[in-house]
Amino acid sequence: MENKSKGRFGLYGGQYAPETLMRALNELEAAYSEAKADPEFQKELEFYLNEYAGRPSLLYYAENMTNDLGGAKVYIKREDLNHTGAHKINNVLGQALLARRMGKKKVIAETGAGQHGVAAATAAALFGMECEVFMGEEDTRRQELNVFRMNLLGAKVTPVTSGTGTLKDACNEALRAWAARANDTLYLLGSTMGPHPYPTIVRDFQSVIGKEIKAQMLKKEGRLPDAVIACVGGGSNAMGAFYDFIGDKSVRLIGAEAAGDGIDTERHAATMTKGTVGVLHGMKSIFLQDKSGGIMPVYSISAGLDYPGVGPEHAALRDSGRAEYYPITDAEAVDAFRYLTRIEGIIPAIESSHAVAQAMKIVPEMDKNKIVVINLSGRGDKDVYSVARYMGVEINEK
Amino acid sequence: MKNKNRIDSMFEALREKDKKALVTFLTFGDPDIETSKKLVLAMEQAGADLIELGIPFSDPMAEGPVIQAANVRALKHEINLDIIFKAVSELRESTQVPLVFLMYFNSILSYGPEKFFAGCKDAGVDGVIIPDLPFEESDEIYDLTQKYGVWQISMIAPTSSEQRSKAICERAKGFLYCVSSMGVTGTRENFTTDFDNMFAMLNKYSDIPKCIGFGISKPEHIENLKKYCDGLIVGSAIVKTIAAGKTESDKINGVKELTAALKAPLM
């Protein structure tokens, strides 16, 4: 056997996983490469994406926003219109079909905001699988509605109290659980992170977003956009939106990460801005860590971006200069949330609002003949309470 | 001339006497560094042949709840590798028991791999178990382990394929850490792994000492498993005993008693 690290993106990626997981990872890698090459699998996936999740999602010309910002033309990729309300379903349908193909009847998942957990529970309901979702205890409080939603879908939600009780701890717990039950269970990992082959699998299943943007843009404008903007936590919606454009050097790829109270405070999740190289959750990438390599607690108003690392392919895209990443504060994200809601009648997820905020910064500086696409990764109904709280508005629905 | 690694000397001496090793574990700094040092000496006195020191980390992915909690307790005080190396150097004034770090790769990466292995050699650390650095990624430190004579202890799981086990065996140093059953660290009632097959296969590829760990908590476990291997590793059961002791002397006496009881089947 060759002693060689697999799944590298530049310096990053790899398989920093316990020996107890290596067989499961190798089996998944083999099953995926077989499925990827099988037209039947691709046909099946396309069927569920189109007939169940509602793809292709719309590419909407945001005329009001364009006129108001007075710069580049703004298009919005409506991943919020997918079944379950976010891009997460794209990946989950792919991985659940893979689980079925591998003969696994049980799935587990981690979740932060609850979007991936809801998507996983949905796919499990659809395919008749048993589903357990690990969710930081802190997040189960922030996203109570999603917990109930997962329960309705038949999933068991296990609150994780270890560590900081947020997304990173949910990932640890899901990996621990998988190490014990990999024989009959597949871990449906929700972002472009974790040990190889996950960053590649998730990126491939999400790359439908960028492929559609390209085709839709060529049809509507007869050319490629000048920039694609997406929010980045682990990075799956951004990786999905960027991937098909990596070779198109004229297209700027812009990620917006969560700066919480600001990158000069202790409360943020701005990995690209403030992080350093490290290893966590099975991958080498960029992480927020202290002097001794301890992973730091992170904060963002958005539970989905509240992660101390970033997917390895993003870290490599940053190093090569192919993609740019900028921090967006809670205040900027909430402003963008309210702005898009008022000006276009579209309530964005607080995660996606970070991408909207980044667009609001650069669009006015761009020429009118330029085109920008915002990947609106999810809808914001789930965030109405936390935005109200942020604005000091009390809502009582009892 | 290089000094012989203490792990190798210890297993050689035991094999000559046809004895098996008792390997014990504690999370270093739980509840504090000074107590941990006393506990190490107490375990050696009570019969531990090799002692693993868990290096506290924020995200110990391969640990069950007991050792996770110990990590949290240890991290309440200021603790880092400089402090730990100093403590190990101090321990080396009174003991020559083989000491092995159990730690996550990010701690090494953050400290600087070369500085880390040089530090191990200077302080008298004989090996390092890195649960999240499998065979595929071990090239990253392999040359340093050879240069400083500080072995990376490789792990084998019940699910490791024959081809994979062979490759791991060929490069293994010190001893092989054979995981008793799937999942994370923590006590288990019984074991369902087919050890006869597992060790027949491993012995075919290497005569390196082999130790079984994960879930071993009682003398009966040791009695039943000792025929397969060269050593038995006990972690969570000791960490539990440390946590249960109300005073420092309770902790030390509790750990001494448990270590002696675990050693009995190996005498």
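Located above this text is the structure these notes cover.
What counts as what
- Residues numbered from 1 in each chain as written.
- Chains lettered and ligands numbered in written order.
- Predicted model: local features only at pLDDT ≥ 70, side-chain atom pairs only at ≥ 80, totals over all residues.
- Heavy atoms only, no water.
- Pairing = 2+ DSSP bridges.
- Helix = DSSP H or I, 4+ residues; strand = E, 2+ residues; numbered from the N terminus.
- Axes fitted to C-alpha atoms, helices over the stretch in contact; angles between N-to-C directions.
- Contact = heavy atoms within 4.5 Å.
- Expected span 1.5 Å × (residues − 1).
- Buried < 20%, exposed > 50% of the residue type's maximum accessible area, 1.4 Å probe, protein only.
- Buried area = accessible area lost by both parts, 1.4 Å probe.
- Salt bridge = Lys/Arg side-chain N within 4 Å of Asp/Glu carboxyl O.
- Polar contact = N/O pair within 3.5 Å; in protein donor to acceptor, adjacent residues only side chain to side chain.
- Left-handed = near helix turned anticlockwise from the far one by under 90°.
- Nonpolar A, V, L, I, M, F, W, Y, C, P; charged D, E, K, R; others polar.

All names here are of chain A. On the basis of which strands lie adjacent, the open sheet formed by six strands has the order E3-E4-E14-E9-E10-E13 and mixed pairing. Looking at strand neighbours, the two that pair on one side only are strand E3 (59-61) and strand E13 (323-329), the edges of this open sheet. Taking the axes of each pair of neighbouring strands and ignoring which way they run, one obtains an average angle of 25° across the sheet. Against the sheet, helix H10 (residues 208-221) touches E3, strand E4 (73-78) and strand E14 (371-376), its axis set at about 135° to E4. Sitting on the sheet, helix H15 (residues 350-362) is in contact with strand E9 (227-231), strand E10 (252-260), E13 and E14, with an inclination near 145° to E9.

Here the focus is helix H14 (residues 330-344) of chain A. All names here are of chain A. Between its first and last C-alpha atoms H14 spans 21 Å; for 15 residues at 1.5 Å apiece the expected length is 21 Å, and the two agree. Burial in H14 covers these residues: Asp330, Ala333, Val334, Ala336, Phe337, Tyr339, Leu340, Ile343 and Glu344. Following H14 by one or two positions, Gly345 has its phi on the positive side, about 70°.

Between chain A and chain B, the contact holds 39 residues from the first and 39 residues from the second. For the pair chain A and chain B, the summed buried surface comes to about 3,000 Å²; carbon and sulfur atoms form 51% of the total. On inspection of chain A and its partner chain B, the count reaches five salt bridges. The shortest N-O distance in the salt bridge between Arg8 of chain A and Glu137 of chain B comes to 2.7 Å. Counting only elements with at least two residues in the side of chain A that touches chain B, the list comes to strand E2 (12-16), helix H1 (19-36), helix H8 (167-181), strand E11 (276-280) and strand E12 (282-287) of chain A.

Let's shift gears to the side chain of Ser300 of chain A. All names here are of chain A. One can find Ser300 in the loop between E12 and helix H13 (312-319). Given a relative accessible area of 0%, Ser300 falls into the buried group. Among the polar contacts listed, one links the side chain of Ser300 to the backbone nitrogen of Ser302, at a separation of 2.8 Å. Setting aside chain neighbours within four positions, we find Ser300 in contact with Arg142, Ala258, Gly260, Leu305, Asp306, Asp330 and His354.

Residue and element names in this part refer to chain B. Packing of helix H2 (residues 33-45) against helix H4 (residues 81-91) leaves a shortest axis separation of 11 Å and a crossing angle of 35°. As for the relative orientation of H2 and H4, their crossing is right-handed in sense. Every residue of H4 that contacts H2 at Ile33, Lys37, Val40 and Leu41 is listed here: Ile83, Ile84, Ala87, Glu90 and Leu91. The residue inventory of the contact of H2 with H4, partitioned by class, reads seven nonpolar, no polar and two charged.

Summarising the sheet, E11 of chain A and E12 of chain A pair through five bridges and their orientation is antiparallel. If you follow Val279 of chain A over to E12 of chain A, its bridge partner there is Lys284 of chain A.

Another aspect to go through is the environment of Tyr299 of chain A. Residues and elements named next belong to chain A. Along the chain, Tyr299 falls in the loop between E12 and H13. The contact partners of Tyr299, leaving out residues within four places of it in the chain, are Gly260, Asp261, Arg267, His268, Ala269, Asp306 and Asp330. Within the structure, the side chain of Tyr299 is placed 2.6 Å from the side chain of Asp330, a separation counted as a polar contact.

The step from Arg55 of chain A to Pro56 of chain A runs through a cis peptide bond, and the omega angle for that step is -10°. Among the secondary structure elements, Pro56 of chain A is positioned in the loop between helix H2 (39-51) and E3. Phi is positive for Thr84 of chain A, which is not a glycine, with a value near 75°. One non-glycine residue with positive phi stands out, namely Phe214 of chain B, at about 85°. For Phe214 of chain B, the location among the structural elements is in the loop between strand E7 (210-213) and helix H10 (219-225). The exposure class of Phe214 of chain B is buried, given its relative accessible area of 7%.

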